[in-house]
Every structure is written in C-alpha cells, then in structure tokens.
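Residue-level listing of the chains:
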Amino acid sequence: MEAKELLDSLDIGVLAMAPDWTIAQWSAAAARITALPVDRVLGRSIWTAFPAAKGTELERVLGEVLTDGKPRTFLAPAGAPEVAGTVLETRVTRGPGDHLTLAFRPVHEELAPESRAAQLLSALEAERRLYQQLFSSLPTPALVLTPDGQILDANPEGAKLLGGADAAALRGRGLAEWVAASQQGMLAAALRHAVTRRQDVALSFEFAGEPAREVRAVIVNVDPVRAAPKLVFLALDVSREMLLQQRLLQADRLSQLGALVSGVAHELNNPLAAIAAFGEALALDPHQADLAESAEVIRSEAMRAGRIVQTLLDFARQRPRMQTAVDLGEIAERVLALQRSALKKARIRTTVSVPNDVPAVTGDPQELQQVMLNAVVNARQAIEGAGRPGQIVILGRSTDHHVLVTVDDTGPGVPPEILDRVFEPFFSTKAEHGTGLGLAISFGLVRGMGGRMWMQNVEGGGARLSFELPVDAGSPDAAARAAARPAAQRLSLLVVEDEEAVRRAMALLAKRLGHEVTTVGRFVEATARLAQPGARYDALLVDVHLDEAFTGFDLFDHLRTEGQGLEQRIVFTTGDSISMQTRDALERAARPVLRKPFSLDELREMLERVASG
C-alpha cells in the first residue's frame with residue numbers, strides 16, 4: 001500500500017507542514033474532519049486550515065517542536081466556521097527537512113460532561129460562537145489579518161468586497177493582492193503600525209475587468225497581549241460616494257459654466273444681431289449685387305454663431321419641464337452645430353434626414369436636445385474608439401401617431417452581453433472616462449415625455465439608438481393658423497435699444513419690410529416719445545436691458561400703470577434668456593420675445609403676430 005493510501009485509510013487527520021508553514025500533505029480524514037477539501041489547502045498557509053489558531057497555543061507549540069524536535073500533544077478548538085464546536089486533540093512531531101506532521105482527531109464528544117475540561121471547552125465554544133455571530137452579522141466588510149497582511153478570516157461583506165465566493169476561499173491569501181501596486185507599501189506600513197496604534201487608511205481595490213473600488217478602512221489590533229497579534233480591518237466601500245461627489249462637482253462646474261455663458265451671451269448676441277442685420281440688408285440691396293454673396297456669408301455665419309450661443313444657453317438653463325411642439329430636425333441640426341468641431345476632428349461624416357412631412361413631437365425642447373446630444377456624443381466616441389473614420393446618420397420618420405428617430409454609427413457596436421445594461425445608471429464601458437449616466441438620463445427623459453428608447457446592433461457593424469415620441473396633437477391646427485395669417489401691413493414701430501449698432505440694424509430691417517420706424521436708446525427717451533401728443537405706435541420693440549437705471553420691464557410696468565394698453569404691443573428683444581430674474585420677468589409680462597440675432601423673416605413674422613393680435 002502506498003503512503004498516501006495509508007494516510008487516507010486512517011481515521012485521524014494527518015497533515016504535513018513544510019518549513020515555510022505551508023501545507024504539503026492533507027489526508028482524506030483531515031479533509032473530512034475540517035470540511036476543507038485538499039484543493040483548498042494544499043500549498044497554502046497552515047492558517048488557511050486553522051484560521052483562529054494564529055497567535056494561539058497551536059502556533060507556540062509548532063514553533064517549539066520546530067526548535068527542539070520534541071513531540072507535543074494539546075487540545076484546542078478547530079476554529080474554522082465549517083466545523084464550529086469541534087475540539088481537536090493534536091499530536092505534533094518533527095520529521096526530515098524540518099517538516100512537521102500534525103495528527104489530529106475530534107475529542108469533544110469523548111469528554112465527560114461533568115469534567116472541568118468539558119466545561120471550559122463549552123464556555124470557550126459559546127464565546128467563539130458569539131464572536132462568530134457578531135463578526136458575520138456586521139453590515140460592513142470586516143477582515144481578520146496578521147501584521148504581514150495575511151487573511152485569517154472574512155465576514156460575508158468582506159468576501160463580497162474582495163470578490164470572493166466565500167470566506168474560506170480568502171483565508172491564507174494576502175490582502176495586498178487586491179490593493180493597487182502604488183499603495184502596497186503604504187498598506188504594509190499601516191499594518192505594522194496597527195499593532196500598537198489604530199490606523200486609518202484609504203485604498204483602491206482592483207479587480208480584473210471591473211472599475212477599482214475606493215475603500216476607507218480602520219485597522220485595529222484586537223489581541224494586543226499576544227506575541228502574534230490579530231488585526232481587524234473594518235472597511236467602507238466609498239466608490240459610489242466618491243462617484244456622487246464627482247457628479248456634484250461636475251454639476252457645480254456646469255452651473256458655473258452656465259452662469260459664465262449667461263454673462264457673455266448678451267455681449268455676444270448684440271453684435272451678432274447687428275452683423276446679421278447689416279449683412280442681410282446688404283445682400284438685399286440691388287445696388288450692391290456684386291457683394292450679395294459676401295453679404296449672405298456674413299449674415300448666415302452671424303446667424304449660425306447666434307444659434308450656437310442660443311444652444312449653449314438652452315442646454316445650461318435650469319427650468320421646469322415644459323411640453324410643447326418640437327421640430328426634431330431642428331434639434332438635430334443644433335446638436336450637430338455644437339459638435340461640429342469634435343466630429344470634424346474625429347473624421348466623422350454626419351447625415352440628417354427628417355423629411356418635411358414628419359410632424360412635430362410633444363416634448364421639452366431642452367430635454368430633447370440633451371437626448372440628441374447624448375446620442376451623438378456616444379456615437380462619436382464609439383467611432384473614435386475604433387480608430388478609423390466613420391459616419392453618423394440621424395433619421396426621422398412617422399409611425400402610428402409617433403415619430404421614430406434613429407441615430408446610427410459605424411463604430412464597433414455594443415457587446416451582446418451588455419446590450420441590456422446600457423441604460424443602467426452608472427454603468428459604463430469607458431472606465432474612468434465615462435460617467436455611466438448619459439443614456440440612463442436620456443432613457444428617463446424620453447419615458448417622461450411619453451416615449452420609449454432602445455439600443456440594438458446594426459447588421460454589418462455599428463450600433464443604433466432609437467427613440468419614439470408621440471406626435472404633437474396641435475401641429476395641424478398650428479399649420480392652418482400659420483397658413484391663414486393676414487397679409488403684411490405697414491406699421492408704425494418704436495425701437496427701444498441701448499446699443500446704437502443694434503438699434504440701427506433693427507431699424508434697417510424694419511424699414512426693409514416697409515414699416516415706419518422711430519428709434520430711441522434710453523428709458524427716459526422712450527417715455528417722452530410715448531407721451532407726445534398724437535403719438536401712435538402699432539408695435540414696440542423693447543430690449544430687456546436698457547441702461548444702468550432701467551430695464552425693458554420697467555417700461556412695461558410704466559405703460560401698464562398708465563392703463564392705455566400700450567404694454568400689450570411690446571415685443572421684447574434679448575440676447576440673455578437664461579438668468580432667473582430675466583426668465584421670471586418674461587413669464588410675468590407674458591409678451592412675445594425676439595431673440596438676438598434674428599433674421600428678416602423672424603422679424604416679419606413677429607410683427608405680423610403683434611399686428612393681428
């Protein structure tokens with residue numbers, strides 16, 4: 001009979017311990033008594049099999065037998081959760097090459113209940129069970145470590161923190177296996193110092209294929225009287241907390257950016273309004289036909305710059321949700337205007353196809369812009385990740401009482417195993433470069449507008465993000481009202497604008513439409529004009545910001561106090577629609593707003609609305 005077969009045939013457990021305190025042999029009876037199969041302990045530290053014995057009588061006896069070679073026998077609890085309540089009688093002998101042989105058997109049942117030893121062991125077992133229950137029920141991750149970082153035990157939350165199936169799989173392994181390489185020296189120092197003084201540490205735990213987990217932990221020596229202390233590592237996974245802090249910081253930065261954009265919008269939109277107006281006037285001048293092309297470029301680029309500023313304002317604005325008719329084609333064009341530079345740098349061609357017969361949808365313009373922007377940014381990043389030129393195609397078409405929008409990209413597509421997780425909050429395939437919130441936010445916004453959103457891969461490569469929204473029920477009526485507008489008529493206008501270039505530009509456009517125009521630059525001049533005998537104006541174009549002392553709303557309130565109804569002929573003009581004060585005042589006045597810069601057609605339509613009202 002071979003030696004291994006002989007060992008496995010014995011009723012007592014037998015293990016051989018190498019000089020480095022790892023298990024070299026593990027018999028079948030040893031596996032049965034301890035409930036630890038050979039593949040879980042062979043080649044591992046002896047404390048894997050006896051985690052509670054580190055720093056106890058067993059460690060002392062093993063050291064003495066290694067030193068003097070004299071066999072020894074002792075009684076001790078097994079200590080592993082798998083064999084709770086088991087007491088082992090263990091015989092330790094030294095063999096060749098400083099290998100130790102441990103032969104052990106359970107003896108708890110063989111002790112007389114009335115004996116002193118049985119009573120002491122029962123009391124010890126009761127204390128051990130209480131400790132184990134408390135340790136296992138802790139709601140936070142907890143580990144028992146040696147000063148060199150070896151794991152002696154772990155509660156269920158601790159096993160989860162380290163990605164282990166159970167505590168037994170972790171015993172005997174070093175905590176440093178999970179710690180970032182740059183922090184392993186710091187962890188080793190903290191463990192050494194924890195023998196005499198509590199330590200507070202912050203660590204990054206790394207897992208293959210998963211984002212790192214940020215952990216804050218306290219390390220305390222719970223057995224300071226023994227030569228081999230035991231350290232308790234109490235941890236708190238703060239990854240989500242840190243992520244939320246980053247989101248809050250990002251939101252604060254976006255808020256600051258919004259305030260900055262708000263501050264410069266007025267300064268940008270006023271000169272853009274003047275440039276666009278003079279460019280349009282020059283393009284329409286029959287005496288300057290040779291400059292028509294250049295003038296049209298000036299006008300169109302000024303209007304494009306104005307749309308970009310307005311898009312930034314709309315995106316940064318914080319306001320209650322609104323439901324109105326939204327042209328998805330216009331939303332798509334505005335988003336692509338924002339992304340134009342990034343798309344060009346990434347060598348991405350874009351196509352938008354939303355036919356004229358596709359109706360408007362019911363939704364919030366700002367939220368739909370965010371949905372479209374998230375879709376385009378995701379598509380761009382997918383193509384950039386592939387490292388080659390690509391294409392983004394935005395299509396819109398009518399379905400049954402809905403409009404379906406698809407955003408296709410020629411990137412690598414979405415791995416099938418995560419396709420159903422792309423809308424989960426904080427789920428991202430971009431590691432630290434992604435927030436995991438873009439698609440989750442879009443999904444919630446679309447659902448809040450009564451629509452639905454889904455993702456699929458496209459045959460031949462790439463991904464397709466689709467969302468469907470209900471058709472705006474008032475679109476046909478609105479179109480009918482627009483078609484039935486009264487013909488243009490000559491109006492008498494008063495333009496109240498503090499900036500001379502903008503004032504001249506607005507007067508020039510209004511005169512092009514055949515209207516009679518009077519311009520003033522200050523509040524006092526406006527009230528004086530309106531107070532003149534026989535003064536009659538069909539419409540007043542009033543800038544929201546007039547001078548240091550007065551605003552356009554002051555003029556509105558002044559006219560309302562007079563009680564002649566002139567305030568109902570006001571059209572406010574503004575390049576700033578984001579500030580809370582301006583927004584609230586516009587809502588209270590309930591008057592139409594003409595945003596700078598504006599075109600000749602936009603001015604014509606606004607004046608006709610006021611005249612027909």
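A brief report on the enclosed structure follows.

Each helix and strand counted, the protein has 19 helices and 22 strands in total. The proportion of buried residues among the 613 residues of the protein is 44%. A sequence separation of at least 24 residues applies to 58% of the contacts in the protein between residues at least 6 apart. As presented, the protein carries roughly 31400 Å² of accessible surface, and 54% of it is formed by carbon and sulfur atoms.

Attention shifts here to the pattern of salt bridges. Taken as a whole, this structure holds 16 salt bridges when the rule is applied. Across the pair Arg60 and Glu64 runs a salt bridge whose closest N-O atoms are separated by 2.5 Å. In this pair, Arg60 and Glu64 are both assigned in helix H5 (residues 57-68), four residues apart and thus about one turn of the helix distant. Here Arg60 falls in the partly exposed class, since its relative accessible area comes to 39%. Its salt-bridge partner being Glu384, residue Arg380 comes within 3.2 Å of it at the nearest N-O pair. Residue Arg380 and its partner Glu384 are both found in helix H12 (residues 365-386); the two are separated by four residues, about one turn of the helix. Judged by its relative accessible area of 13%, Arg380 falls in the buried class. Overall, the relative accessible area of 38% leaves Glu384 in the partly exposed class. The structure contains a network of salt bridges with shared partners spanning Arg60, Glu64, Asp68 and Arg72.

Glancing now at H5. Taking 1.5 Å per residue, 12 residues should reach 16 Å; H5 reaches 16 Å between its end C-alpha atoms and fits that length. Turning to H5, its buried residues number three or more, namely Leu58, Glu59, Val61, Leu62 and Val65. One side of H5 carries all its buried residues, which in axial view fall inside an arc of 165 degrees.

Let us now look at the pairing of strand E14 (residues 390-399). Here six bridges tie strand E12 (residues 348-353) to E14, and the two strands are oriented parallel to one another. Within the sheet, the bridge partner assigned to Val352 lies in E14 and is Ile394. Across eight bridges, E14 lies against strand E15 (residues 402-409) in antiparallel orientation. Note that in E15 the partner of Thr399 across the bridge is His402. Here E14 folds back onto E15, and the loop between the two strands holds two residues, one of which, His401, carries a positive phi near 60 degrees.

Strand order in the open sheet made by the five strands is E19-E18-E20-E21-E22, with parallel pairing throughout. Where the open sheet ends on each side, the last strands, each with one partner, are strand E19 (516-520) and strand E22 (593-595). Averaged over all adjacent pairs, the angle separating strand axes in this sheet is 20 degrees, with direction ignored. Pairing between strand E20 (residues 539-543) and strand E21 (residues 570-574): four bridges, direction parallel. Within E21, the position partnered with Val542 by the bridge is Phe572. Lying on the sheet, helix H15 (residues 500-512) is in contact with strand E18 (492-496), E19, E20 and E21; it crosses E19 at an angle near 170 degrees.

With their axes 9 Å apart at the nearest point, H12 and helix H13 (residues 438-448) run at an angle of 145 degrees to one another. As for how H12 packs across H13, the hand of that crossing is left-handed. Of H13, the residues touching H12 (which contributes Glu367, Gln370, Val371, Asn374 and Asn378) are Gly438, Leu439, Ile441, Ser442, Leu445 and Val446.

The next thing to look at is unusual backbone geometry. Along the chain, Lys596 connects to Pro597 via a cis peptide bond; the corresponding omega equals -10 degrees. Here the phi dihedral of Arg347 falls at roughly 60 degrees; this positive angle occurs in a residue that is not glycine. Among the structural elements, Arg347 can be located in the loop between helix H11 (328-345) and E12.

If you look at soluble globular proteins, the nonpolar side chains tend to sit buried side by side. Formed by 39 residues in total, the largest nonpolar core has its most connected members in Met372, Ile392, Ile394, Met455 and Phe467. Elements represented by at least two residues in this core include exactly H11, H12, E14, E15, H13, strand E16 (452-457) and strand E17 (463-470). Ranked by the residues each element gives to this core, the list is headed by H12, at nine residues. When near neighbours in sequence (up to four residues on either side) are disregarded, Met455 contacts Val414, Leu419, Val422, Phe423, Leu439, Ala463, Arg464 and Leu465. In this structure, Ile46, Val92, Leu102 and Phe135 belong to the second largest nonpolar core, which totals 27 residues.

What characterises a pair of aromatic rings is the spacing of the ring centres plus the angle enclosed by the ring planes. Enumeration according to the criterion identifies five aromatic pairs in this entry. Measuring from centroid to centroid gives 5.9 Å for Trp21 and Trp47, while their planes differ by 35 degrees, and the two rings are tilted. Taken as a pair, Trp21 in the loop between strand E1 (13-17) and strand E2 (23-26) and Trp47 in helix H4 (residues 46-49) lie far apart in primary sequence, 26 residues in all. Its relative accessible area of 3% is what places Trp47 among the buried residues. With a centroid separation of 4.9 Å and an interplanar angle of 50 degrees, the aromatic rings of Phe553 and Phe572 are classed as tilted. Highlighted residues: Phe553 in helix H17 (residues 552-562) and Phe572 in strand E21, separated in sequence by 19 residues. Like Phe572, Phe553 is buried. An aromatic cluster of at least three residues, connected via ring pairs, comprises Phe553, Phe556 and Phe572.

Below, the discussion takes up H15. Because an α-helix completes one turn every 3.6 residues, residues spaced three or four positions apart along the sequence face the same direction. A rise of 1.5 Å per residue sets the reference length of H15, with its 13 residues, at 18 Å; its end C-alpha atoms lie 18 Å apart and thus fit the reference within 8%. Where H15 ends, the next residue or the one after it, Gly514, has phi of about 90 degrees, a positive value.

What follows is about the side chain of Thr22. Positionally, Thr22 belongs in the loop between E1 and E2. A distance of 2.7 Å separates a polar atom in the side chain of Thr22 from a polar atom in the side chain of Asp20. In contact with Thr22, not counting residues within four places along its chain, are Ala16, Met17, Gly43, Arg44, Ser45 and Ile46.

About the criteria used
- Residues numbered from 1 in each chain as written.
- Predicted model: local features only at pLDDT ≥ 70, side-chain atom pairs only at ≥ 80, totals over all residues.
- Heavy atoms only, no water.
- Helix = DSSP H or I, 4+ residues; strand = E, 2+ residues; numbered from the N terminus.
- Buried < 20%, exposed > 50% of the residue type's maximum accessible area, 1.4 Å probe, protein only.
- Contact = heavy atoms within 4.5 Å.
- Areas by Shrake-Rupley, 256 points an atom, 1.4 Å probe, with all protein chains shown as cover.
- Salt bridge = Lys/Arg side-chain N within 4 Å of Asp/Glu carboxyl O.
- Expected span 1.5 Å × (residues − 1).
- Arc of directions from axis to C-beta.
- Pairing = 2+ DSSP bridges.
- Axes fitted to C-alpha atoms, helices over the stretch in contact; angles between N-to-C directions.
- Left-handed = near helix turned anticlockwise from the far one by under 90°.
- Core = buried A, V, L, I, M, F, W, Y, C linked by side-chain atoms within 4.5 Å.
- Phe/Tyr/Trp six-rings, centres within 6.5 Å; stacked < 30°, edge-to-face > 60°.
- Polar contact = N/O pair within 3.5 Å; in protein donor to acceptor, adjacent residues only side chain to side chain.

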